[in-house]
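# Residue-level structure breakdown
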Amino acid sequence: MATHSFSLLSIQSLTSNSSNRQSNNSYTLTHKYCKTLATSFTGGKLLIRPQNLNVFSLKRRRSTVATVAFSLPTAKPERASSEKQPKWSARAIKAFTMGELEARKLKYPNTGTEALLMGILVEGTSLAAKFLRANSVTLLKVRDETVKLLGKSDMYFFSPEHPPLTEPAQRALDWAVDEKLKSGESGEITIAHLVLGIWSEKESAGHKIMATLGFDDDKAKELAKSMDKDIEMSYK
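Every value quoted in this text rests on a predicted model; they were computed, and no experiment measured them. (Residues numbered from 1 in each chain as written. Predicted model: local features only at pLDDT ≥ 70, side-chain atom pairs only at ≥ 80, totals over all residues. Heavy atoms only, no water.)

Applying the stated criterion across every chain, the model contains 2 aromatic pairs. With a centroid separation of 6.5 Å and 85° between ring planes, the pair formed by F131 and F215 is classed as edge-to-face. Of the two residues, F131 is situated in helix α4 (residues 127-134) and F215 in the loop between α8 (205-212) and α9 (217-224); the sequence distance between them amounts to 84 residues. Its relative accessible area of 14% is what places F131 among the buried residues. Take F215: its relative accessible area is 3%, and that puts it in the buried class. Summarising the aromatic geometry, the rings of W199 and F215 are spaced 5.0 Å apart at their centres and angled 70° between planes, so their arrangement reads as edge-to-face. Highlighted residues: W199 in helix α7 (residues 191-200) and F215 in the loop between α8 and α9, separated in sequence by 16 residues. In this pair, the class of W199 matches that of F215, namely buried. Taken together, F131, W199 and F215 form an aromatic cluster joined through their ring pairs. (Phe/Tyr/Trp six-rings, centres within 6.5 Å; stacked < 30°, edge-to-face > 60°. Helix = DSSP H or I, 4+ residues; strand = E, 2+ residues; numbered from the N terminus. Buried < 20%, exposed > 50% of the residue type's maximum accessible area, 1.4 Å probe, protein only.)

Listed below in structure tokens is the structure:
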């Protein structure tokens, strides 16, 4: 019968003056707990080796506050410090992150408009992504067209953790911000803005792939009508 061995990390006590009695009691309970796991775990014998584990006393630590960026890269440095700059929606930020990941999967050195488009479709929950899928612009098709257009990367090449944006991709992001500012509407920059930003880059891979799959200016105008509606179910 296979034996699996785990080690439990030690947890510091709340005070440095903990009594030996408390330590002995906690070890006894830990020993019983580990024994229970070892006898109730089916399919193999489980051994847990405690390392100075004290289950009664946990040192209070100051909680770490996670910060989330609500702005995507811009080629216009004056925006970085502007408090009036509209924020990107959580969906758009997630789509951007997924786009970077798609570029890495294909082992591309940069995140281009084609990768941003794939990221939008991977995120998949936005009104824009649903609109694209309804008009035959799907993730698998975009991925296939990307490889046809840009080719495969060398098998021994590895993308950086955050592949830098290509110039067309950066312009697509800035176009989305500009359009939001021009509209005068409140709220966030949505994925629909990003899709139309990609479409605005006529010579980019993303635009060419969308056009190949049947997306055109009429569909772009239709999507533009819902640019500010994607915040209805924005992540919190």
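Even without a glycine there, the phi angle at K107 is positive, about 60°. The phi torsion at S136 lies on the positive side, around 70°, for a residue other than glycine. Relative to the helices and strands, S136 is located in the loop between α4 and α5 (139-150). Taking the relative accessible area as the measure of exposure, S136 reaches 35% and is therefore partly exposed.

So, about the nonpolar core. Judged by nonpolar contacts, the single largest core of 40 residues is most densely connected at W88, I120, L132 and F215. With 7 residues, the single largest contributor to this core is α7. The contact partners of L132, leaving out residues within four places of it in the chain, are L117, I120, L121, V137, V195, M210 and F215. (Core = buried A, V, L, I, M, F, W, Y, C linked by side-chain atoms within 4.5 Å. Contact = heavy atoms within 4.5 Å.)

Take the pattern of salt bridges next. Tallied over the entire structure, the rule returns 9 salt bridges. For E102, the salt bridge goes to K105, with nearest N and O atoms at 3.3 Å. Here E102 and its partner K105 are both found in helix α2 (residues 90-105), 3 residues apart, which amounts to about one turn of the helix. Owing to a relative accessible area of 2%, E102 belongs among the buried residues under this scheme. Taking the relative accessible area as the measure of exposure, K105 reaches 55% and is therefore exposed. The closest approach of N and O atoms between D216 and K219, which form a salt bridge, is 3.9 Å. A residue is classified by how much of its surface remains accessible, and D216, at 29% relative accessible area, is partly exposed. For K219, a relative accessible area of 21% puts it in the partly exposed group. What you see here is one network of salt bridges that share partners, running through E102, K105 and R143. (Salt bridge = Lys/Arg side-chain N within 4 Å of Asp/Glu carboxyl O.)

Turning our attention to the packing of α7 against α8. The geometry of α7 relative to α8 is characterised by a closest axis approach of 7 Å and an angle of 95° between their N-to-C directions. One way to sum up the angle between α7 and α8 is to call them roughly perpendicular. Each of V195, I198 and W199 in α7 lies in contact with α8, whose residues at this interface are G206, H207, M210 and A211. Of the residues contributing to the contact of α7 with α8, the split by class is 5 nonpolar, 2 polar and no charged. (Axes fitted to C-alpha atoms, helices over the stretch in contact; angles between N-to-C directions. Parallel < 35°, antiparallel > 145°, perpendicular 65-115°, else oblique. Nonpolar A, V, L, I, M, F, W, Y, C, P; charged D, E, K, R; others polar.)

Any link to function would need more than the numbers given here.
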